[in-house]
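# Topology and contacts: notes
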Amino acid sequence: MNKVVAAYRNRYYISPSDLADSGETNRLHLIFISPFLFAFGLFNLLMSLLLNHKSNLYESSFTYVYFGIYILVSSFLYFYSIAVKNVSREKSYVIKTIPFYIGYLSFLGIGAFNFFMTQPFNGVIIFNLTSVIAVCVFSFSPIIFLFGLLADLGIMASGIYENFGLSGLLNFITTTILLFCLSLYKRRSEKKIIMLLKKQKQSLEAKTFGNFTLLYDNRIIKFSRTKSNELLAYLIYKNGSSVKTKELIAVLYGAEADSSRYGANLRNLIVDIKRSLSELEIQNFFIAEYNNFRINPEVIKCDYFDFISGDKQAIKSFTGAFMSQYKWAEDVTVFMKYKVLKNKL
């Protein structure tokens with residue numbers, strides 16, 4: 001057993017700190033998906049109330065409970081994901097992925113509830129859809145994923161056999177095995193990508209003490225637009241946290257800048273950054289998802305990241321200037337000077 005565990009860890013285990021950026025992606029995916037789930041549950045609940053208002057309350061109650069759970073779970077996923085935006089990178093993956101696990105297990109439970117209380121075929125469809133979406137969209141532990149699959153298989157096996165016969169049960173078991181194998185394949189691919197990105201970190205560097213400079217293979221990365229540098233500098237200051245369009249426009253063009261007017265400017269900067277990084281084959285550094293923008297701190301060396309992590313050498317090397325060419329960095333500089341002074345006392 002110990003050999004199996006060791007082999008699994010060697011092949012599939014990824015530390016939570018290496019998955020911090022994946023945790024942020026999980027959070028953004030949930031914020032995007034949960035409103036659709038909420039709308040689906042609410043629409044069907046209202047339609048059920050409208051169409052079944054003359055029916056026996058007991059007969060309709062299972063449908064009401066079913067869509068009511070949809071609404072409650074999707075609401076929780078949305079508001080929890082909104083609330084955990086700013087957490088430390090050490091805890092980021094675990095805290096931001098908790099709602100995925102709760103949602104995943106809840107919707108598998110909803111599928112089982114639907115299977116036994118309303119329509120067996122719909123229950124099987126929900127099981128498959130929930131699992132496929134999880135594999136395609138989210139980053140998660142294959143072991144917890146397997147637990148959910150086996151739990152639903154154990155609960156629904158007898159009902160599957162009753163309603164769909166032996167061939168139906170064998171298909172269900174085969175689907176479960178294939179889904180778990182896909183989750184292992186995805187996890188292995190994630191691990192390989194992370195290892196490659198760690199090698200990239202040796203070449204990509206941001207210097208923030210003094211003027212901001214972005215380097216690749218010890219050469220300054222040049223963009224065709226001057227504001228592109230500032231956009232990346234601000235995202236580096238945010239240390240992996242997602243920033244919305246409105247905030248970026250305010251930082252780059254002033255607090256009173258009109259989003260509709262400067263939105264095109266920002267899009268041009270994003271195109272410029274993506275093109276320039278792509279030409280250098282820099283991967284998974286600048287990330288744009290659902291009108292949210294961030295950088296992945298795990299793939300770049302940065303004196304500022306070392307500073308905030310408490311690295312004594314980085315604190316010692318800070319001489320009082322931080323991204324000096326940008327006005328918004330002045331408040332950060334004050335904080336950093338205070339930290340240096342506190343470290344000396």
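You'll find the structure just up there.
The rules we used
- Residues numbered from 1 in each chain as written.
- Predicted model: local features only at pLDDT ≥ 70, side-chain atom pairs only at ≥ 80, totals over all residues.
- Heavy atoms only, no water.
- Salt bridge = Lys/Arg side-chain N within 4 Å of Asp/Glu carboxyl O.
- Helix = DSSP H or I, 4+ residues; strand = E, 2+ residues; numbered from the N terminus.
- Buried < 20%, exposed > 50% of the residue type's maximum accessible area, 1.4 Å probe, protein only.
- Contact = heavy atoms within 4.5 Å.
- Axes fitted to C-alpha atoms, helices over the stretch in contact; angles between N-to-C directions.
- Parallel < 35°, antiparallel > 145°, perpendicular 65-115°, else oblique.
- Left-handed = near helix turned anticlockwise from the far one by under 90°.
- Nonpolar A, V, L, I, M, F, W, Y, C, P; charged D, E, K, R; others polar.
- Phe/Tyr/Trp six-rings, centres within 6.5 Å; stacked < 30°, edge-to-face > 60°.

### What to know about the pattern of salt bridges
This model, assessed by the stated rule, comprises 11 salt bridges. Residues glutamate 190 and arginine 187 are paired through a salt bridge, measuring 3.9 Å at the closest nitrogen-oxygen approach. Of this pair, glutamate 190 and arginine 187 both sit in helix H6 (residues 142-200), 3 residues apart, which is roughly one turn of that helix. For arginine 187, a relative accessible area of 6% gives the class buried. The residue glutamate 289 makes a salt bridge to arginine 294 at a minimum N-O spacing of 2.8 Å. Judged by relative accessible area, which is 1%, arginine 294 ranks as buried. Shared partners join several salt bridges into a network, and the residues in it are Asp21, Glu289 and Arg294.

### Description of the side chain of aspartate 21
Among the secondary structure elements, aspartate 21 is positioned in helix H2 (residues 20-51). Once you skip the residues sitting within four places of it in the chain, aspartate 21 turns out to touch Arg89, Asn284, Ile287, Arg294, Ile295 and Asn296.

### Digging into the packing of helix H7 (residues 226-237) against helix H8 (residues 245-253)
It is at 10 Å that the axes of H7 and H8 come closest, and there the two elements cross at 120 degrees. Put simply, H7 runs oblique to H8. In this structure, the crossing between H7 and H8 has a hand that is right-handed. The segment H7 lies against H8, with Lys227, Glu230, Leu231, Tyr234 and Leu235 engaging Glu247, Leu248, Val251, Leu252 and Tyr253. Each residue belonging to the contact of H7 with H8 can be placed in one class, and the counts come to 7 nonpolar, no polar and 3 charged.

### Overview of the packing of aromatic side chains
The final tally for this structure, using the stated rule, is 31 aromatic pairs. Plain terms: the ring middles of tyrosine 70 and phenylalanine 107 are 5.1 Å apart, the flat faces sit at 65 degrees to each other, and that makes the pair edge-to-face. One end of the pair, tyrosine 70, is in helix H3 (residues 57-83); the other, phenylalanine 107, is in helix H4 (residues 89-117), with 37 residues separating them in the sequence. The class for tyrosine 70 is buried, based on a relative accessible area of 8%. Ring plane angle 15 degrees and centroid distance 5.9 Å describe the contact between phenylalanine 100 and tyrosine 104, whose orientation is recorded as stacked. Placement of both phenylalanine 100 and tyrosine 104 in helix H4 is noted, with a separation of 4 residues, approximately one turn of the helix. The burial state of phenylalanine 100 is the same as that of tyrosine 104; both residues are buried.

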